[in-house]
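Summary of the model geometry
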Amino acid sequence: MSIGQKFKEFISPMDDDEILEVEEDYEENPTISEYEQPKSKAVNRLSSDTKMVLFEPRSFDEAEEVAKRLKENKAAVINLHKLQRDYAQRTIDFLTGVVFALDGSIQKIGHNVILCAPRNIAVHGEISLDASEED
């Protein structure tokens, strides 16, 4: 089984119908958004019910949907192969700003494939993209 198949089985794409909304109870002031909460309380918001969404945008306009999912504390894998080079770069720039605003992380995991994760999802390890290191 190839690495790509293992990764696909691990993540398994989700349809919008399969995405469950999770209500969280906060002890803090409900009028303050979660991004204005102190970072030390972020540990209380970690959930074992982590969601990941796969995207393959065909236009820059679809980057807004990725941003919405990140704001919902869902990680996103974005395959930029279908975008023209300038629109792919524009999408990466936009998502970098979104991830920065959400105090998350962004990582290149393949050629024209990126992983965006909000702050409640930890990403450990690195994927080597150097073809010369292959056996």
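For the structure, see preceding data.
Heads up: these notes are all about the structure in this document. (Residues numbered from 1 in each chain as written. Predicted model: local features only at pLDDT ≥ 70, side-chain atom pairs only at ≥ 80, totals over all residues. Heavy atoms only, no water.)

1. Some remarks on the environment of Glu64
Note the following rule: The helix count covers DSSP runs of H or I at least four residues long, the strand count covers runs of E at least two residues long, and both are numbered beginning at the N terminus. With a 1.4 Å probe rolled over the protein chains alone, any residue whose accessible area is under 20% of its type maximum counts as buried; one over 50% counts as exposed, and the rest are partly exposed.
Examined against the element boundaries, Glu64 turns out to sit in helix α2 (residues 63-71). The exposure class of Glu64 is partly exposed, given its relative accessible area of 49%. The sequence separation of Glu64 and Leu95 amounts to 31 residues, and the corresponding C-alpha distance is 8.7 Å.

2. Some words on the pattern of salt bridges
The criterion, for reference: Salt bridge, as applied in this entry: a Lys or Arg side-chain nitrogen positioned within 4 Å of an Asp or Glu carboxyl oxygen.
All chains considered together, the criterion is met by four salt bridges. Put simply, Glu56 and Arg58 hold a salt bridge, and the shortest N to O gap is 3.7 Å. With relative accessibility at 52%, the residue Arg58 sits in the exposed group. Glu65 is paired through a salt bridge with Arg69; the nearest N and O atoms lie 3.2 Å apart. Note that Glu65 and Arg69 are positioned in helix α2 at a spacing of four residues, about one turn of the helix. Taking relative accessible area as the criterion, Arg69 reaches 9% and is therefore assigned buried. Within the structure, one salt-bridge network assembled from shared partners comprises Glu65, Arg69, Glu72 and Lys74.

3. Structural notes on the pairing of strand β2 (residues 75-79)
Rule in force here: Should DSSP find at least two bridges between two strands, the strands are regarded as paired. Orient the strands so they point away from the viewer; a crossover is then right-handed if the path from the first strand over the helix to the second runs clockwise.
When you tally the buried positions in β2, you get five out of five residues, the bulk of the element. Pairing geometry for strand β1 (residues 52-55) and β2, over four bridges, is parallel. Residue pairing for β2: Phe55 is matched across the bridge by Ile78. In this fold, the crossover linking β1 to β2 by way of α2 has right-handed handedness. Where β2 and strand β4 (residues 113-117) come together, four bridges link them in antiparallel fashion.

4. Some points on the packing of α2 against helix α3 (residues 85-101)
Here is the rule we go by: Fitting a line to C-alpha atoms yields each axis, with helices limited to the stretch in contact; the angle taken between N-to-C directions then spans 0 to 180 degrees. An angle counts as roughly parallel when it lies under 35 degrees, as roughly antiparallel when it exceeds 145, as roughly perpendicular when it falls between 65 and 115, and as oblique in every other case. Here a crossing is called left-handed whenever its near helix is offset anticlockwise from the far helix by less than a right angle, and right-handed whenever the offset is clockwise. Note on definitions: a residue-residue contact is assigned when non-hydrogen atoms from the two residues lie within 4.5 Å.
Look at α2 against α3: their axes get within 10 Å of each other, and the N-to-C directions meet at 20°. Classified by the interaxial angle, the pair formed by α2 and α3 is roughly parallel. In the crossing of α2 with α3, the sense of the turn from one axis to the other is right-handed. Two secondary-structure elements touch here, α2 through Ala63, Glu64, Val66, Ala67 and Leu70 and α3 through Thr91, Phe94, Leu95, Val98 and Val99.

5. A word on the packing of aromatic side chains
Under the convention used in this document: We call Phe, Tyr and Trp rings a pair once their centres come within 6.5 Å, taking the six-membered ring for Trp, and we label the pair stacked below 30 degrees between planes, edge-to-face above 60, and tilted otherwise.
Going through the model one piece at a time under the given rule, you end up with one aromatic pair. Between the aromatic rings of Phe60 and Phe94, the centroid separation amounts to 5.9 Å while the plane-to-plane angle is 75°, which identifies the pairing as edge-to-face. Residue Phe60 is located in the loop between β1 and α2, and its partner Phe94 is located in helix α3; the two are separated by 34 residues in the primary sequence. What makes Phe60 buried here is its relative accessible area of 18%. With a relative accessible area of 32%, Phe94 lands in the partly exposed category.

6. Examining α3
Worth spelling out the cut-off: Here the expected span of a helix is defined as 1.5 Å times the quantity of residues minus one. Working note: the arc is built from the helix axis to C-beta atom directions.
Compared with an ideal rise of 1.5 Å per residue, which puts 17 residues at 24 Å, α3 spans 24 Å between its outermost C-alpha atoms and is within 8% of the ideal. Within the span of α3, buried status applies to Ala88, Thr91, Leu95, Val98 and Val99. Burial along α3 is one-sided: seen end-on, the buried residues are contained in an arc of 95°. What points out from α3, more than 90 degrees from its buried face, is the exposed set Phe100 and Ala101. Where α3 is buried, its residues touch α2, β2, β3 (105-110) and β4.

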